[in-house]
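Geometric and topological summary
Residue strings, one per chain:
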Number of protein chains: 2
Amino acid sequence: MKDYIKIDEWRIIEEGFDPHLNKVSESIFSLGNGRMGQRANFEEQYSGPSLQGNYVAGVYYPDKTRVGWWKNGYPDYFAKVLNAANWIGIGVEIDGTEIDLAKLPVEDFRRELNMREGYLLRTCTVVLEEGRKLKIEAKRFCSIVDDEVGAIRYAITPLGFSGKATLTPYIDFDVKNQDANYDEKFWEEVSREMEDEAAYVTARTRKTGFDVCTGMTFALTQAGTPVTPRTIPIESEKYTAHIFTVSILDGEETVLTKFAANISSENHDRSLLQDVCQRAVQQARAKGFDKMVEEQAAAWAAKWAESDIIIEGDVAAQQAIRFNIFQLNQTYTGEDPRLNIGPKGFTGEKYGGSTYWDTEAYCLPFYLATADPQVGRNLLLYRYKQLGKAIENAQKLGFTDGAALYPMVTMNGEECHNEWEITFEEVHRNGAIAHAIYDYVRYTGDESYLADYGVDVLVAISRFWAQRVNFSEEKGQYVMLGVTGPNEYENNINNNWYTSTIALWTLNYTLEVLAKIKAENPARYAVLDMELGLEEGREFGTWRAIIDNMFLPEDPKRGIKLQQEGYLDKEQILVKDLPASERPLNQKWSWDRILRSCFIKQADVLQGMFLLEDQFDLDTIRRNFEFYEPRTVHESSLSPCVHAVLAARLGMEEKAYEMYLRTARLDLDDYNNDTEDGCHTTSMAGTWMAVVQGFGGMRVRDGQLHFRPMLPAKWSGFSFRIRFRGAVVKVHVGRNGVQIEADKPLTVFVNDEAVAVGQTPVTELVG
Amino acid sequence: MKDYIKIDEWRIIEEGFDPHLNKVSESIFSLGNGRMGQRANFEEQYSGPSLQGNYVAGVYYPDKTRVGWWKNGYPDYFAKVLNAANWIGIGVEIDGTEIDLAKLPVEDFRRELNMREGYLLRTCTVVLEEGRKLKIEAKRFCSIVDDEVGAIRYAITPLGFSGKATLTPYIDFDVKNQDANYDEKFWEEVSREMEDEAAYVTARTRKTGFDVCTGMTFALTQAGTPVTPRTIPIESEKYTAHIFTVSILDGEETVLTKFAANISSENHDRSLLQDVCQRAVQQARAKGFDKMVEEQAAAWAAKWAESDIIIEGDVAAQQAIRFNIFQLNQTYTGEDPRLNIGPKGFTGEKYGGSTYWDTEAYCLPFYLATADPQVGRNLLLYRYKQLGKAIENAQKLGFTDGAALYPMVTMNGEECHNEWEITFEEVHRNGAIAHAIYDYVRYTGDESYLADYGVDVLVAISRFWAQRVNFSEEKGQYVMLGVTGPNEYENNINNNWYTSTIALWTLNYTLEVLAKIKAENPARYAVLDMELGLEEGREFGTWRAIIDNMFLPEDPKRGIKLQQEGYLDKEQILVKDLPASERPLNQKWSWDRILRSCFIKQADVLQGMFLLEDQFDLDTIRRNFEFYEPRTVHESSLSPCVHAVLAARLGMEEKAYEMYLRTARLDLDDYNNDTEDGCHTTSMAGTWMAVVQGFGGMRVRDGQLHFRPMLPAKWSGFSFRIRFRGAVVKVHVGRNGVQIEADKPLTVFVNDEAVAVGQTPVTELVG
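For chain A, an unreviewed UniProt entry supplies the name Glycoside hydrolase family 65 protein and the organism Hymenobacter lutimineralis. The Sequence similarities (unreviewed entry) comment attached to chain A in UniProt states, word for word, "Belongs to the glycosyl hydrolase 65 family."

Here it is as structure tokens:
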């Protein structure tokens, strides 16, 4: 755990330069706009520890997989979001001395991520020698107004001397992925072109053949006056640079402004990429940096109006929740159904930058509540479009007749992960994908999605479940053998309660949806019947038999569901009795010891009660919570939020707040000592849930909004805004109770009592 | 399955050259003498598919491991037997044409492995052009008289022309391992020296620092007359060659004889390696090729006298059993307790060439019965010497107080394997290592081994078992969770019957051994008590509690032991109902499907009944055999032999013979299509067991030999010789009954009836 970020409501601030923290800060201060993003690397040369990272959404490389021992069925590649061209680079040399913060003394270093307006600002003073210093001020952003464009204002001011500055704005496409399995480079040059004050490099990914043109133009001013320097072009493969030298005067600011664009063949005709890029950077330049900054601030203001949460009386909490919302909005905007939410967003390369079940289980509720319904729909369509691949994926594992197994990790629908106990066995992901359809429809009321798209996915997943179980003669019941549940600290177990439960839920929901379509839209049903080859008698009969006679392990004595068959054979120890020196378990214990222990990585039975809360009475949830939470080490960033929501539901305020704290500042305080690899983007949505569903107690039941607010003792109040079925609803929870506003008449429920809202206009949240 | 090896009692013969079979033949025709070995590569250049392999026992490299996803506790290297210098190489050019069997037409190709005399002979005729042919005859061997030396007689005869032959005998130490994880080379040159007709290259392994000097001297004769050619020395790093050109006359034989030696720093002072090597090759040369061949034949005759099995009326079976015995004797001679039996012997590189539980569970009986007791003792001492590492290995996994877990795969006692379900969970290997001590003592009667060495190993393994189980409050019994049994088609299962049973057996035997030492040798016991920190009350009490109250899964209805808890929840299908197109499962099914199925890779419950046969009545064994065998796919080469022995015990002649056939010609007929990687050396010992323990029904009970012979219908008789407690016993089984001879008076049991033997001298086996 670290504690170096300054507390501020709207800004993330680092003061003083500590090279040991640089990679952590590079992650935290990352920028993104859903289409492209980058780590908070320095513009000028930096020879200290750094992970240079620039990313373009949807552009990936199928890196040859690496395994210890091959198992039949493994995918042979692992798709990676590619480190793309470095377009921020500006070499700086002052009178022959290269500016490098790893080599020269640094004073007054300050890095600020302005979340309200969406930019990164860095200032520092570099000591060249006694009495000769150089002040640097660098401000940059990825535009959310034009999401292919970014801009930098890089200002230097000599203090105590005048001299010569050699500046080298460059584009470097000769990059590699830190996580490349065989140290290969993934980009090949297609073309490069240099103009007097601009350059364009187009490169193509090997194998996948994505083209990206990265271009830039720059402008120079000195003391506010435009200057046209004489530049020397430097070119090499996948690299362009303009070098020029100018005189700099003591106290006078020299400003290099760099306008850049990433244009991808995913979005434009391959033959026009450079033209499009040229136009993009020229338009940006014509608009000017200040105007762009202004537009960026306005656009972010609109985003904040939709999605902000205000916490009163706790600035650290305020900063943290905004940081999470900011990163979520930087990562995914929902405009493109081909894109999804990588586990690190644009802040790092770990986990390949692909799609996990995190999207459906943790992120969807945030986007449903804070954005246009089309955004949630696009997340669903992403999986709908990949249904064919999910069916192929299941076929590889021996499933037939249109059964689908969605991949654990994917970029384009194909499985990328290669650990048998996860790839082949952590099949509960299929359940989350089915449940997301229900969640979306429940939240938006968009029933048409079911007949048009959802039902295909539901049927294919139900077919998977029906084939994945088998009838045990021994038990006289259906069983599901050899699975890994959400708790990955158990592998290849039998009858995981969560997986079996979500499977039954899927079968049930699919039958319901089919019955509804048949009743309401017989024509569509007839088409489905033919297309999907539904066999009501045989197939639905099997599904019903499974629903009626599935083995779900439980312990009647304790009145709890059993995480898996045999869980109680384990030595029962509580986390509080584990010596601190043995934690985190995944760094201290060998894998078999973890597997044999009763310790739980993340919510498993409780994940089921979280998703399917309505199926369980409060006493059941409480008994299970009280049994499982003390055995849970929360070594997944996705665990505490679920517990926070449930604890709040159970009125356990202290536990709810403790769980909330575990994720709220996870990255800001580098709680798990791994933020240098990138931020835990998907778990940020969990923090949002902990506030809105946990402390706000927000639920949707029978098409209506429910709240059951709980105000943590450390806060004096909090408020959030959500969209719900065409209305905007604002909730404020304070010491004096709850105020709910809506922009149209709506009945909501507060602690199960109906309240009519929407009589007065919705006020803005004021942070 | 292939069928190209000619049937012959004493020889393995290939006729006609098929490049597609070359790698298979390179494995089958391998040579070895326990100290060094090599695949049957050609001496001259060969540009077709080939795995060049020369190996020196005990010389390994800790290759950096490769994993998909790192698990805490994984070893960071995998030790590999190194591909060492190619000392057989002789370049041949005839009038400017390089002889390369991949490029020139080949006639009359014949490869012969003479098992009786221990050499490899290859003859062929290469067509240079119409009317110009070159006859090649190459004979070579690794000496079992001087196990650091090998020799080649390489003869060429021009047919239909006279011309110039350029010959290049060379040493090439610039080799790499086919299985190198990162394509690195493992040898670095230390020195090289060339003399007129000799050369020496010394290289050192990276990291491990083993030095090996490989040297050779050569001699030339033409038409039987010694010739001294003018040679040009060629040197490069790790490489020496002598080039010379001689005239060759139509029909006249030119013979290059090469005498080589591998001298390792494992056996000699590092500074003297080249001197030792020089002496070795000069002595060999002085002795001469023919004399060496003669000595080799005599030494092999002595080995055969000890270990031959004669099968009457079935030449293919005769050839097969001799091939297995020959390879076992080529691989391990038992003279050096630092060495062990690699899974491929000297015939390939797969599986790293390290030690597996195969040694104790499958190979030990062969060496006990056919060699000096010191050989079996050396196999035991190998593990005894590695006890410290086994204790460290267990510590890494969280075990304490001197508990030992022997590695799954090892070279020097450290674990090399990196699949969590095997490395950490296939812990039954500990049981086989304990049982081997019992087996050795039972067979040899050498009780002193227990107090001197065995007890330390037994106590450490017992401590492991006592910590590896836990008390289940739910069951009120001890359980062993999270293991992989011998049947690797189940992973991370609970209460594997075999593992738990062998654990209880170990605890019991350890207590017995300790009690015996205490009673018979109180002084030694006092020392042990102190050294091992025995706590009779607490520790022995725990062991007894586990023995008395361990959960062992069974099915009372069927009267069978259950392979693991929950086995009967699986869909019960028999192998005979599997379509042939789905076999072998490990190539056709994904791993999860294999795991979920009831199909068994190799004996598991039956492995236990095989090892601990005396604990079970025949009906119990029969019920288990009849339940499990039909579910077993035998996709491990170690499986059929166990079934053959049990089937014979149960009087199931047909099944016993079927199982025997599955391993007998496994490599000769390339049954599993993988012989090109090397031979299945350890399973060869299983074939020996199938004959001696299966058809011969040989057992040791209460210190006495028992036989229960069964003559397969296809054989007219068979005989084998074994050593037993200082006596030599010969058993002949024929249609007219059994004859047993011994070289001293002995009571043996035939079908449980005592028979006095040893009244007449033992006749030789005559094959």
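Pairs of packed helices are described in terms of their axes, by the angle between the two and the distance that separates them. All names here are of chain B. Here helix H10 (residues 448-468) crosses helix H11 (residues 497-520) at 140°, and the two axes come no closer than 9 Å. It follows from the interaxial angle that H10 and H11 lie oblique. As H10 packs across H11, the resulting crossing turns out to be left-handed. Judged by residue contacts, Leu450, Ala451, Val455, Leu458, Val459, Ile461, Ser462 and Trp465 of H10 engage Thr499, Ile502, Ala503, Thr506, Leu507, Tyr509, Thr510, Val513, Leu514 and Ile517 from H11. Of the residues contributing to the contact of H10 with H11, the split by class is 14 nonpolar, four polar and no charged.

Turning our eyes to something else, we now look at the interface of chain A and chain B. Taken together, the contact pairs 47 residues of chain A with 47 residues of chain B. Ranking the residues of chain A by area buried against chain B places Trp69(A), Asp569(A) and Arg596(A) at the top, with a combined share of 19%. The interface formed by chain A and chain B contains six salt bridges. Residue Glu419(B) pairs with Lys71(A) through a salt bridge whose shortest N-O separation is 3.0 Å. In this assembly, chain A and chain B are joined by 22 residue pairs in polar contact (both at pLDDT 80 or more). Listed by contribution, the elements that provide at least two residues to the side of chain A that touches chain B are helix H8 (420-423), strand S21 (470-472), helix H14 (585-588) and helix H15 (591-596) of chain A. Sorting elements by how many residues they give to the side of chain A that touches chain B places H15(A) first, with five residues. A breakdown of the residues in the side of chain A that touches chain B according to their chemical character gives 16 nonpolar, 13 polar and 18 charged.

When chain A is fitted to chain B, the residual RMSD is 0.0 Å, and the transformation amounts to a turn of 180° plus an axial shift of 0.0 Å. Taken together, the rotation and translation describe the operation of a two-fold axis. The C-alpha atom lying nearest the rotation axis in chain A is that of Val67(A); the distance is 2.4 Å. Comparing contact sets, 100% of the residues at the interface of chain A also lie at the interface in chain B, consistent with an isologous, same-surface contact.

Turning our eyes to something else, we now look at the pairing of strand S7 (residues 90-94) of chain B. Residue and element names in this part refer to chain B. The buried fraction of S7 amounts to four of the five residues, a majority that puts the element mostly inside the structure. In this structure, S7 lies alongside strand S13 (residues 163-172), joined through five bridges in antiparallel fashion. Following the sheet pairing, Ile94 is matched in S13 by Ala165. Sheet topology places S7 next to strand S8 (residues 97-98); two bridges connect them, and they run antiparallel. By the bridge assignment, Ile94 is partnered in S8 with Thr97. Taking the residues between adjacent antiparallel strands as the criterion, S7 and S8 are bridged by two residues, where Asp95 takes a positive phi near 45°.

Residues and elements named next belong to chain A. In space, the five strands of this open sheet follow the order S7-S6-S12-S18-S17, with antiparallel pairing throughout. If you trace the sheet from one side to the other, it starts and ends with strand S7 (97-98) and strand S17 (232-236), each paired once. By the bridge criterion, five bridges tie S17 to strand S18 (residues 239-248) in an arrangement that is antiparallel. Considered in S18, the bridge of Glu235 is made with Thr240.

Before going further, it helps to spend a moment on the UniProt feature "active site" (unreviewed entry) in chain A. Summarizing the sequence annotation, UniProt attributes the feature "active site" (unreviewed entry) to Glu488(A) in the numbering used throughout. Structurally, the position occupied by Glu488(A) is in the loop between strand S22 (477-479) and helix H11 (497-520).

Glancing now at the environment of Val227(A). All names here are of chain A. Here Val227 lies in strand S16 (residues 225-227). Distance in space between the C-alpha atoms of Val227 and Val255 is 9.8 Å, their sequence separation being 28 residues. Excluding anything up to four places from it in sequence, Val227 contacts Leu220, Thr221 and Gln222.

Next up on the list: the packing of helix H5 (residues 358-370) of chain B against helix H9 (residues 429-444) of chain B. Residues and elements named next belong to chain B. The geometry of H5 relative to H9 is characterised by a closest axis approach of 10 Å and an angle of 15° between their N-to-C directions. Taken together, the axes of H5 and H9 lie roughly parallel to each other. Note that H5 runs across H9; the crossing there is right-handed. Residue-level contacts link Glu360, Ala361, Leu364, Pro365, Leu368 and Ala369 of H5 to Ala432, Ile433, Ala436, Asp439, Tyr440, Tyr443 and Thr444 of H9. Residues of the contact of H5 with H9, tallied by class, amount to ten nonpolar, one polar and two charged.

Right, let's talk about the packing of aromatic side chains for a bit. For the structure shown, the criterion picks out 97 aromatic pairs over all chains. A centroid spacing of 5.4 Å and a plane angle of 25° characterise the contact between Phe540(B) and Trp543(B), whose relative ring orientation is stacked. Of this pair, Phe540(B) and Trp543(B) both sit in helix H13 (residues 536-548), separated by three residues, roughly a single helical turn. A relative accessible area of 5% means that Phe540(B) is categorised as buried. Here Trp543(B) falls in the buried class, since its relative accessible area comes to 1%. Through pairs of rings, three or more aromatic residues link up here, namely Tyr657(A), Tyr660(A), Phe695(A), Phe707(A), Trp715(A), Phe718(A) and Phe720(A). Between the NZ or CZ atom of Lys64(B) and the centre of the ring of Tyr182(B), over which it lies, the distance is 4.1 Å. The ring of Trp589(B) is capped by Arg593(B), whose NZ or CZ atom sits 4.0 Å from the centre of that ring.

Before going further, it helps to examine the sheet that holds strand S27 (residues 704-707) of chain B. All names here are of chain B. Spatial strand order, S26-S27-S31-S32: four strands in an open sheet with mixed pairing. In this open sheet, the two strands that pair with only one neighbour each are strand S26 (699-701) and strand S32 (753-757). In this sheet, adjacent strand axes meet at a mean angle of 35° when their direction is disregarded.

Turning our attention to helix H18 (residues 639-649) of chain A. Residue and element names in this part refer to chain A. The element H18 is largely enclosed, with a buried count of eleven among its eleven residues. For H18, the complete set of buried residues consists of Ser639, Pro640, Cys641, Val642, His643, Ala644, Val645, Leu646, Ala647, Ala648 and Arg649. Elements in contact with the buried residues of H18: helix H5 (358-370), helix H16 (605-611), helix H17 (618-628), helix H19 (653-664), helix H20 (681-695) and strand S25 (699-701). Two residues or fewer after H18 comes Gly651, characterised by a positive phi angle close to 75°.

The rules we used
Residues numbered from 1 in each chain as written. Chains lettered and ligands numbered in written order. Predicted model: local features only at pLDDT ≥ 70, side-chain atom pairs only at ≥ 80, totals over all residues. Heavy atoms only, no water. UniProt positions renumbered as here; feature names shortened; annotations may be inferred. Axes fitted to C-alpha atoms, helices over the stretch in contact; angles between N-to-C directions. Helix = DSSP H or I, 4+ residues; strand = E, 2+ residues; numbered from the N terminus. Parallel < 35°, antiparallel > 145°, perpendicular 65-115°, else oblique. Left-handed = near helix turned anticlockwise from the far one by under 90°. Contact = heavy atoms within 4.5 Å. Nonpolar A, V, L, I, M, F, W, Y, C, P; charged D, E, K, R; others polar. Buried area = accessible area lost by both parts, 1.4 Å probe. Salt bridge = Lys/Arg side-chain N within 4 Å of Asp/Glu carboxyl O. Polar contact = N/O pair within 3.5 Å; in protein donor to acceptor, adjacent residues only side chain to side chain. Least-squares fit on C-alpha atoms with pLDDT ≥ 70 in both. Buried < 20%, exposed > 50% of the residue type's maximum accessible area, 1.4 Å probe, protein only. Pairing = 2+ DSSP bridges. Phe/Tyr/Trp six-rings, centres within 6.5 Å; stacked < 30°, edge-to-face > 60°. Lys NZ or Arg CZ within 6 Å of the ring centre and 35° of its normal.

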